[in-house]
Each structure stands twice: as structure tokens, then as C-alpha cells.
Amino acid sequence: MARYTGPKSKISRKFNEEIFGPSKALKKKAYPPGQHGRGRRKKQSEYAVQLAEKQKAKYIYGVLEKQFANLFEKAHRKGGITGENLLILLESRLDNTVYRLGIAPTRRAARQLVLHKHITVNGGIVNIPSYSLKVGDVIAVREKSKSLEAITTSLTVRNARQFSWLEWDATEMAGKFISAPQRDLIPEKIQEQLIVELYSK
């Protein structure tokens, strides 16, 4: 599956969750899309439930199928709880961290900022959204990009978004990845065990 560029509300209704942020369509039509959306839905198989959970995680983090499979393999090799390792790896992506810091209002917007070289890591420009951050890395807005309206507007509302594994310096427009996030602190409603069971088949 390529990166999704279609209607966001359709996906939110499919999973009955605000996958891409607040959705008016989901509030108005709290049922799946399509002509049979309101009708009786047959019970899903175990495989279908597991697959849907994987697809939801991919949509939330904006990750391609191959990238997701590679991340799962990496999470499995790390030892410990595979599902939690997977979510930590997803949270450690540069585009996701730019979003978490409030530099961008959505992960899609964060991805664009990274691709267009507006973000630096430890002082050097990094334009790879999937770049995996390590503890101690400093993520900042490039000096020439600090006056960008998209960034300044997003940062004015960042106070509502505080995450314990990240530090933010408003004067420098820079954040620090101070630790790997604990599972109970990650707000996404993902049942990672279902994903682990899917890949274990």
C-alpha cells in the first residue's frame, strides 16, 4: 500500500477513530463509509481484526508497508516486548517527533517540513522523515525557517501538547529527545499485540 493521499474522513469513519486529527465527518456519520456502512456488519475474522489494527497504525504514522515490516523486524530483534518496541520505534521517527514537539500541526505537515529541509538534528539538516532519533538528539527549526508562518502558527498552540520524553526550548525553537517513551505515555489507541499476532502467523 502506497502512502495514503485520499479522503481523510473516509479512513476515520472506517476505523471509527480520528486517525488524522479532529474529523467533523466522523461526528456526523459515526458509521463506516460505503453503501452498506449503516447496515448490519458481519463479524470479522481474527485475521481481519489483526490486519485492520496494522493498517490503522500505518495510517496514523504515515508508514509504508515495507517500512512497517522492517520496523517490526527491528522491534522483534531488540528483545523485550515486541509490540512496545514497535511503537517506540514509530514514535522515534523524526517526522513524528517534529509533530509531537508542536512544530507542525499534523504528521503529514511534519513530513513536509523535514523533506523541505526546515529541520535540523544536532545542528545538521536532515531531510529523511523516517530518520530514527536517539536519546540526547536535539531537533530544531533551521535558522532560516524560524519565521515560517506554518511553523510559528503551529507553535502558538503547542502548550496543549506536552510529552514527558521530549524537552522544548521556545527561545531556541529546539527540542530534545530525552528518553524512549514508555508505552503507557503514548496516546495512540493501538492494540500492538494484534499486530504482533498478525506477523507471527
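See the structure printed just above.
This section reports on the structure supplied with the text. Predicted model only: the values in this text are computed from it and were never measured.

We now examine the side chain of Thr97. Its place among the elements puts Thr97 in helix α6 (residues 94-100). Looking at Thr97, the relative accessible area reads 1%, which means it is buried. A polar atom in the side chain of Thr97 sits 3.0 Å from the backbone oxygen of Arg93. Once residues lying within four places of it in the same chain are set aside, the contact partners of Thr97 are Glu91, Ser92, Leu133, Ile139, Leu166 and Phe177.

The next subject is the environment of Glu65. If you trace the backbone, Glu65 turns up in helix α4 (residues 65-77). Separated by eleven residues in the primary sequence, Glu65 and Lys54 have C-alpha atoms spaced 9.6 Å apart. A distance of 2.5 Å separates the side chain of Glu65 from the side chain of Lys58, its partner in a polar contact.

Take Lys146: it is sitting in the loop between β3 (138-141) and α8 (149-156). Residue classification places Lys146 among the buried positions, given a relative accessible area of 18%. At 3.2 Å, the side chain of Lys146 forms a polar contact with the side chain of Glu143. Within the structure, the side chain of Lys146 is placed 3.2 Å from the backbone oxygen of Glu172, a separation counted as a polar contact. Filtering out sequence-adjacent residues up to four positions away, Lys146 remains in contact with Val141, Thr152, Glu172 and Met173.

Scoring rules and cut-offs
Residues numbered from 1 in each chain as written. Predicted model: local features only at pLDDT ≥ 70, side-chain atom pairs only at ≥ 80, totals over all residues. Heavy atoms only, no water. Helix = DSSP H or I, 4+ residues; strand = E, 2+ residues; numbered from the N terminus. Buried < 20%, exposed > 50% of the residue type's maximum accessible area, 1.4 Å probe, protein only. Polar contact = N/O pair within 3.5 Å; in protein donor to acceptor, adjacent residues only side chain to side chain. Contact = heavy atoms within 4.5 Å.

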